[in-house]
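Listed below, chain by chain, are the residues.
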Amino acid sequence: MNSKIALLAGASGLVGNELLHVLLESPNYEEVKVLVRKRLEIQHPKLEQVLVDFNRLENYDEYFHVNDVYCCLGTTIKKAGSQEAFRKVDYEYPVKMAQLAKKRNAENFLIISALGADPKSKVFYSRTKGEVESELKSMHLRALHIFQPSLLLGDRKEFRFGEKIAAMLSPLLRPLLFGKLKKYKPVSARRVAVAMYQVGQTNHSGHFTYPSNRIFELSRSKTAEPKK
């Protein structure tokens, strides 16, 4: 049994909530810290909830003295209210977290991005995701792991019409997505969480990216060997 410490941001989200339970159930972590705006309705002897102002993350740098940092932050423009507010959550906060993780010598920085992330995209969402990926890669973290799920399946707290329709069509489309199209297969939030956990138990340096098909493979494997 190891005695590692994990730090998680975004524990109230679809993947983050699944990941929180995976981390708490793991014998590899003796402590799990979560950065939250308001307390979660969960109690566990391993869990430490840290109330933070994400606009002033530098004030909480001592909490980044951990082994693995998991960033599951993410929102939508509709929920955020503007592109500027969206960029804060999906770009500024993750970058600041990575800076603090590097400062405190964290072993792994793991983040959820999205399939199609591209800093040159004309789509604001995809461009922002691509820009944060590029920025994180330029920081030369000890180990950067970027997860790019396609459509995420799971029970969200908020209703998203487009995702609901896509999820309903998913069983019909799945058989058509093979070969180079495998990465477009929908993946459950639970599988993404398990894949992130699996990769967090590895000891590799460099930066690695995992599309949906690789996430699916990792979630089924007891060993996770990153592929650059």
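Residues numbered from 1 in each chain as written. Predicted model: local features only at pLDDT ≥ 70, side-chain atom pairs only at ≥ 80, totals over all residues. Heavy atoms only, no water.

Novice: Please explain the overall build of the chain as it appears in this structure.
Specialist: Scanning the chain from N- to C-terminus turns up seven helices and nine strands. Across the 228 residues that make up the chain, the buried fraction comes to 49%. A fraction of 66% describes how many contacts in the chain between residues 6 or more apart in sequence connect residues 24 or more apart. (Helix = DSSP H or I, 4+ residues; strand = E, 2+ residues; numbered from the N terminus. Buried < 20%, exposed > 50% of the residue type's maximum accessible area, 1.4 Å probe, protein only. Contact = heavy atoms within 4.5 Å.)

Novice: Honestly, the sheet that holds strand β6 (residues 143–148) in this entry has me stumped. Any pointers?
Specialist: Across a sheet, paired strands are connected by hydrogen bonds in the backbone, their directions being either parallel or antiparallel. An order of β3-β2-β1-β4-β5-β6-β9 is seen for the seven strands of this open sheet, with the pairing classed as parallel. Two strands close off the open sheet at either side, each with one partner strand: β3 (47–51) and β9 (206–211). Direction aside, the axes of adjacent strands within the sheet are offset by 15° on average. Of the pairings in the sheet, the one linking strand β1 (residues 4–9) to strand β2 (residues 29–36) comprises six bridges and is parallel in character. Paired with Lys4 across the strands is Tyr29, a residue of β2. With respect to the sheet, helix α4 (residues 124–138) is in contact with β5 (108–112), β6 and β9, its orientation differing from that of β6 by roughly 165°. Set on the sheet, helix α6 (residues 189–200) makes contact with β1, β2, β4 (68–71), β5, β6 and β9; between it and β5 the angle comes to about 165°. (Pairing = 2+ DSSP bridges. Axes fitted to C-alpha atoms, helices over the stretch in contact; angles between N-to-C directions.)

Novice: Would you take a moment to explain the nonpolar core for this structure?
Specialist: The nonpolar side chains of a soluble globular protein tend to be buried, and buried together. Judged by nonpolar contacts, the single largest core of 36 residues is most densely connected at Leu20, Tyr70 and Met196. Going through the elements one at a time, β1, α1 (14–25), β2, β5, α6, β9 and α7 (212–220) are the ones with two or more residues in this core. Looking at which element gives the most residues to this core, the answer is α6, with eight residues. Excluding residues that lie within four positions of it along the chain, Leu20 makes contacts with Leu8, Ala11, Val32, Val34, Leu40, Ile42 and Leu47. One finds Cys71, Leu73, Val132 and Leu144 within the second-largest nonpolar core, a separate group that totals 31 residues. (Core = buried A, V, L, I, M, F, W, Y, C linked by side-chain atoms within 4.5 Å.)

Novice: Help me understand the packing of helix α3 (residues 83–103) against α4, please; the structure alone is not making it clear to me.
Specialist: Helix-helix packing: each pair is described by the crossing angle between the helix axes and the interaxial distance. Between α3 and α4, whose axes approach to 10 Å, the crossing angle comes to 15°. Here α4 runs roughly parallel to α3, going by the angle between their axes. Where α3 crosses over α4, the two elements pack in a sense that is right-handed. On the side of α3, the interface is formed by Gln83, Phe86, Arg87, Asp90, Tyr91, Pro94, Val95 and Ala98, while α4 contributes Phe124, Tyr125, Thr128, Lys129, Glu131, Val132, Glu135 and Leu136. Tallied by class, the residues present in the contact of α3 with α4 amount to nine nonpolar, two polar and five charged. (Parallel < 35°, antiparallel > 145°, perpendicular 65-115°, else oblique. Left-handed = near helix turned anticlockwise from the far one by under 90°. Nonpolar A, V, L, I, M, F, W, Y, C, P; charged D, E, K, R; others polar.)

Novice: Honestly, α6 in this entry has me stumped. Any pointers?
Specialist: Helical geometry note: an α-helix holds 3.6 residues per turn, so side chains three or four residues apart project in the same direction. Between its terminal C-alpha atoms α6 stretches 17 Å, which fits the 16 Å expected from 12 residues at 1.5 Å a residue. The buried fraction of α6 amounts to 10 of the 12 residues, a majority that puts the element mostly inside the structure. Regarding α6, the residues found buried are Ala189, Val192, Ala193, Val194, Ala195, Met196, Tyr197, Gln198, Val199 and Gly200. (Expected span 1.5 Å × (residues − 1).)

Novice: Got a minute to help me understand unusual backbone geometry in this structure?
Specialist: Among all residues save glycine, negative phi is the norm, and among peptide bonds the norm is trans. A positive phi angle is found at Asn105, which is not glycine, with a value near 60°. When you line up the elements, Asn105 lands in the loop between α3 and β5. In the Ramachandran plot, His140 falls in the positive-phi region, its phi being about 55° despite a non-glycine side chain.

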